[in-house]
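# Commentary on secondary and tertiary structure
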Amino acid sequence: MKRVVSASFITLLILVAVAATFFYLKNERNKGGNPVIAIPADVTMLITYNSSSGNLIQLLKSDLWPVVKTAPLFAKLEKQLNFFDTTSVNNKSLADFLSGQPLFITGHVTGAGKFDFLFLKSLDNGFSEKKADDLLKSLSKSETDFVKRNYDGNSIREIILADGKIFSYVTSRGIFIASFTPFLVEDALRQMKLGKPVITNTYLLNELRAEGKTSLFINFRNLPLLTGIFLNSGSSPRSHVFKNYGDWAMAAVDPQQQALKFSGYLTVNDSGQFINCFNKQQPVAKELLNILPRKTAAINYIGTSDFKSYYSHLSNHYFTAGQKEKKQELLQSVSTGYKLNLESKMLEWIGNEYALVITEPAGSNYNNNSFAIFKTQNIAQAKKSLHAISKIIDKKNNTITKEESYNGHAIGFIRLNGVIPALFGETFSAVNKMYYTDIQNYIVIANQASALRTFIDEYKSGLLLHKTEFFKEAMKNYPGEANHFFFVRPPLASQIFKSMANAEWKKYSDQYKDIFSGISSIGFQVTAGDTMMKMTSVLNFFRNKSAEGVDLIFAVETDTSVSMKPLVTTDPVSKSRQLIFQDNASNIYLTDNSGNIIWKQPVDGRIMGEIFEIDLFKNNSRQFLFNTAEYMYLFDTQGSPVGNFPIRLPAEATNGLAVFDFDKNRDFKIYVACDNRRIYAYLPSGKPLPGWNFQYTLDKVVDPVRSIEVNSKHILLITDQTGKVAFVNRYGEQGIPVGSEFTQARNSGIFKTGSGSLITTDAEGNIIEIRPDGIINSLPLKTVSPEHGFLYADADGNNEPDYIFLDGRELIAYNSQLAMIFRKEFDSQMNGTIQLLTIKNGEHVMGVRSDVADKTWLIKMNGSVYNGFPVKGSTPILIDEMNMDGHKHLVTGGKENLLYVYSIE
């Protein structure tokens, strides 16, 4: 009997327990589950969306979203968010579903180069599994039924949408879990079963549950998974930088009309994380930014109230074992070889600010655009310390201590490599050499003296970043003081991204270049606080009027001055641009589009005229053709002569050769004049041109042969130094039977009219018309000297060409009735020639130069000076795209042993 009573009692307890469990689970299900426990461990980012905030909808409707969503990642997110958009579906059930606790949107790498999102929602709003089925059925508008599959006791539903994509979801433990990538749903279920939440920080958990706002969370530990989608893993050791920056970043999302702002905090759970270097530091004013050039593309800024404490933590805790080893090897090598405590000598003068600054590079190699900038405790002491290091190194190496004075600043050089990266981390890996100068209370370090000269010129000219409207607007969003500030200008930084991007994203960078041009700046700032690190990040879409101007991108150092017009060529393998030119010491240079010299090759004599690119073998190869006084040369891309070149000319050349491809079939014809008063014609192989029959008697010909098309015929214009002109066909036979002679002005161009006539000027300044039948008409003007330059182009914007003269210090334009349009006076004597050039958006400008002042001007067609001019340099002007991206560059040589490359905005 006792046994029966005991058994009954136990049975009763079991029934009570079952009932209690049932009611408990029923109530818990109504309360909803905790989505945090289902977040897979590989999460890289997390968005919490409260539908009541409206922030996400505001973001999708802002001016910035059309730009952002052109990137594949954000286009995918928009499409998936629209699936849950209460404004696009008039469905009260959807609004009820989104009510209550926030919707979690977590980001995950799903394969090689692939990324997708997982949606997690607590069913704390009375939603059952059946109601979720009904809601998803109505949203999907699918004609087919759900497909159900069992995964570890959970019934996963799958809907095939109209576009063929699969939407998978499941409800488990009061949590709705869904994704357009099915295995992410399984990952979430496995994470729940594992019972180890990814997020355990109390502050983070409270923020995740916060109502009424949309927030973004970044998991730095997994961030390399995301960046690995588009960055080339071998480009630089950036994984450590991302992974060990901090623990989590959390920020409220604040969409504005022309900006997207994130404000929040950073958490730290490891002394080896970078943010921990600012523990107990106070933020400082970002004064270093005030000396940066206007063309700055990227800034990585550090500010400390106690530099020694910061540096100790950086080198002892944040540096990897490999970094520590490299640093120790360098310091030990310097100590042994030079009896010098390099670290102590460098740190003794550094103040409370330093930064890596990259100015706009013309190519993907931006070493010559990279600068390490340090605030000093005392600028005189800093210069003294650096000079002392330089002298110690040079004395041991038996070399002369290198120092020069440039524009009021001393430029020194320390013959040690890798010092800055060793002391301050791999962030500075691009600043490997130690040319240095002083700007205000700062030391600026670069890889080349020419880079420092450019920096000094920009500073002296007042072309500074902090003066630009877009930067003033951007900085309104950040606290004035900071400890870490990262800032990038996408329109100027596309080449930086290309240098880091993998092959697929290099293509995307061109395909989605509207993203780069549409985002005016991206910034990230960390400010130390009493308890936590504050974070502010802003994507700015400031739309100011496009400010025209010019910036010096780089300068190539040469042995002597440069007088000739360079040639821009394209490497067919790398698809990148290169420059080839000669200095006045007869050295030929081939450089990349960042100014790095690929090779330098001396030749016998100065190049007369220009360098031409031909394809001798018609196999899409490149050869470079030019002549000196005695020889005609053909170089390959390695700087070596091709075939039987160089070929000795019959007599000394008096002009630069001219190369024409009349029929656009790569059958080039080459023409050159010699001092025996004869004109010679050649094939690209160097053999004489068959059928060449030039019988005209001319004086010395110093200008290159020109070509113009008249009545579908190619006419060669050969002008001697007296101004006499011969008009012949490609074989030297009479092309236009000129009825009377005239003396063409030395610097006058020859232009074709709409009626087929030719327009030029004579030595007296009269306008000469040469009709197709050979009749010459003269329009008397006689207001300019024999050395004037002449251009026939539209100056008053009426689509009719006008007469434009450059004479002495004046640029003058007349309309067809000889009424003056404008008169522009220069401070210096100008060269005679006027170049008609095309810049951005097909705009025409005039290029003029002064050898006396060693300066170049771009003049608008209305006679006003293009903003930012004049610039240094006075060789014939080259306008081209150094990156083939629509962005124009101006190239010119100068007297200071430099070839200048400017960016034209």
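These numbers come from a predicted model, not from an experiment.

Cut-offs applied
Residues numbered from 1 in each chain as written. Predicted model: local features only at pLDDT ≥ 70, side-chain atom pairs only at ≥ 80, totals over all residues. Heavy atoms only, no water. Helix = DSSP H or I, 4+ residues; strand = E, 2+ residues; numbered from the N terminus. Buried < 20%, exposed > 50% of the residue type's maximum accessible area, 1.4 Å probe, protein only. Contact = heavy atoms within 4.5 Å. Areas by Shrake-Rupley, 256 points an atom, 1.4 Å probe, with all protein chains shown as cover. Pairing = 2+ DSSP bridges. Axes fitted to C-alpha atoms, helices over the stretch in contact; angles between N-to-C directions. Polar contact = N/O pair within 3.5 Å; in protein donor to acceptor, adjacent residues only side chain to side chain. Salt bridge = Lys/Arg side-chain N within 4 Å of Asp/Glu carboxyl O. pLDDT = per-residue confidence, 0-100. Expected span 1.5 Å × (residues − 1). Arc of directions from axis to C-beta. Core = buried A, V, L, I, M, F, W, Y, C linked by side-chain atoms within 4.5 Å. Nonpolar A, V, L, I, M, F, W, Y, C, P; charged D, E, K, R; others polar.

Another aspect to go through is the overall build of the protein chain. Counting its regular elements, the protein chain contains 20 helices and 53 strands. Within the protein chain, buried positions represent 55% of all 905 residues. For the protein chain, restricting intrachain contacts to residue pairs at least 6 apart in sequence, the fraction spanning at least 24 positions comes to 57%. Accessible surface, the protein chain: about 39000 Å² in total, of which carbon and sulfur atoms supply 50%.

What follows is about the sheet that holds strand 33 (residues 669-673). One open sheet accounts for three strands, arranged 32-33-34; its pairing is antiparallel. Here the strands that pair on one side only, and so sit at the sheet edges, are strand 32 (658-660) and strand 34 (679-682). Sheet twist, expressed as the mean angle between neighbouring strand axes with direction ignored, is 20°. When strand 32 meets strand 33, the two strands line up antiparallel, connected through three bridges. Bridge assignment links Phe-660 to a residue of strand 33, and that residue is Lys-669.

As a further point, take the sheet that holds strand 31 (residues 647-648). In space, the four strands of this open sheet follow the order 28-29-30-31, with antiparallel pairing throughout. One side of each edge strand has no neighbouring strand; the edge strands of this open sheet are strand 28 (612-614) and strand 31.

What follows deals with the environment of Ile-597. With respect to the helices and strands, the residue Ile-597 is situated in strand 27 (residues 597-602). In sequence terms Ile-597 and Val-556 are 41 residues apart; their C-alpha atoms lie 7.8 Å from each other.

In terms of residue burial, strand 23 (residues 550-557) counts as a mostly covered element, since seven of its eight residues are buried. As paired strands, strand 23 and strand 53 (residues 898-904) are joined by seven bridges and run antiparallel to one another. Its bridge partner lying in strand 53, Ala-555 is registered against Tyr-900.

A cis amide bond, omega 5°, links Phe-645 with the succeeding residue Pro-646. Note on placement: Pro-646 falls in the loop between strand 30 (631-635) and strand 31. Here the residue pair Phe-869 and Pro-870 is connected by a cis peptide bond, since its omega of 10° sits within 30 degrees of zero. The residue Lys-575 is not glycine, and still its phi comes out positive at about 60°. Tracing the backbone shows Lys-575 in the loop between strand 24 (567-570) and strand 25 (577-582). Assessed through its relative accessible area of 57%, Lys-575 is described here as exposed. A positive phi is found at Arg-677, a non-glycine position, where the angle reads about 65°. Secondary-structure assignment places Arg-677 in the loop between strand 33 and strand 34.

With that settled, consider the pairing of strand 42 (residues 776-779). With four bridges joining them, strand 41 (residues 767-770) and strand 42 adopt antiparallel strand pairing. Counted as the bridge partner of Glu-769 is Asn-777 from strand 42. What sits between strand 41 and strand 42 in their antiparallel hairpin is a turn of five residues, with Gly-774 showing a positive phi close to 95°.

Relative to the helices and strands, Glu-158 is located in strand 5 (residues 154-160). Only 2.8 Å separates the side chain of Glu-158 from the side chain of Arg-149, close enough to count as a polar contact.

A side chain with one charge may pair with a side chain of the opposite charge, provided their charged atoms come close. Tallying each qualifying case throughout the model produces 30 salt bridges. The salt bridge involving Arg-648 is made with Glu-630; its shortest N-O contact spans 3.8 Å. Here Glu-630 lies in the loop between strand 29 (623-627) and strand 30 and Arg-648 lies in strand 31, a separation of 18 residues in the sequence. With relative accessibility at 32%, the residue Glu-630 sits in the partly exposed group. Note that Asp-699 is salt-bridged to Arg-677, the shortest N-O span being 3.8 Å.

Low pLDDT means the predicted coordinates in that region are not meant to be read closely. In the predicted model, the protein chain carries a mean pLDDT of 86, and the fraction of residues at 70 or more is 88%. Averaged over each element, pLDDT in the protein chain is lowest for helix 1 (residues 2-31) (44) and highest for strand 18 (residues 442-446) (98). A low-confidence stretch, residues 1-30 (pLDDT under 50), is modelled with three contacts involving residues beyond four sequence positions or located in other chains. A low-confidence stretch, residues 85-90 (pLDDT under 50), is modelled with eight contacts involving residues beyond four sequence positions or located in other chains.

By secondary structure assignment, the location of Phe-424 is in helix 15 (residues 419-424). As a C-alpha pair, Phe-424 and Gln-323 span 101 residues in sequence and 9.8 Å in three-dimensional space. Setting aside anything within four residues of it in sequence, one finds Phe-424 in contact with Phe-307, Tyr-311, Leu-314, Phe-319, Leu-347, Ile-350, Tyr-354 and Phe-374.

The next thing to look at is helix 12 (residues 321-338). Given a rise of 1.5 Å per residue, 18 residues ought to cover 26 Å, and the 25 Å separating the end C-alpha atoms of helix 12 matches this to within 8%. Residues of helix 12 that are buried include every one of Gln-323, Lys-327, Leu-330, Leu-331, Val-334 and Tyr-338, and no others. The arc enclosing the buried residues of helix 12, seen along the axis, measures out at 90°, which places them on a common side. The outward face of helix 12, more than 90 degrees from its buried face, is lined by the exposed residues Ala-321 and Thr-336.

This part takes up the side chain of Gln-578. For Gln-578, the location among the structural elements is in strand 25. Note on Gln-578: relative accessible area 7%, which makes it buried. Only 3.0 Å separates the side chain of Gln-578 from the side chain of Arg-622, close enough to count as a polar contact. If sequence neighbours within four positions are ignored, Gln-578 has contacts with Leu-567, Val-568, Thr-569, Asp-571, Leu-590, Thr-591, Asp-592, Ile-598 and Arg-622.

This part is about the nonpolar core. The biggest cluster of nonpolar side chains holds 99 residues, and the ones touching the most others in it are Leu-266, Phe-274 and Phe-424. By size, the runner-up hydrophobic cluster in this structure holds 34 residues, among which are Leu-289, Ala-451, Leu-465 and Phe-471.

We now examine the packing of helix 11 (residues 307-318) against helix 12. Contact geometry of helix 11 with helix 12 gives a least axis separation of 8 Å together with a crossing angle of 115°. Residues Tyr-311, Ser-315, Asn-316 and Tyr-318 of helix 11 form the contact with helix 12, whose own contacting residues are Gln-323, Lys-324 and Lys-327. For the contact of helix 11 with helix 12, a count of residues per class yields two nonpolar, three polar and two charged.

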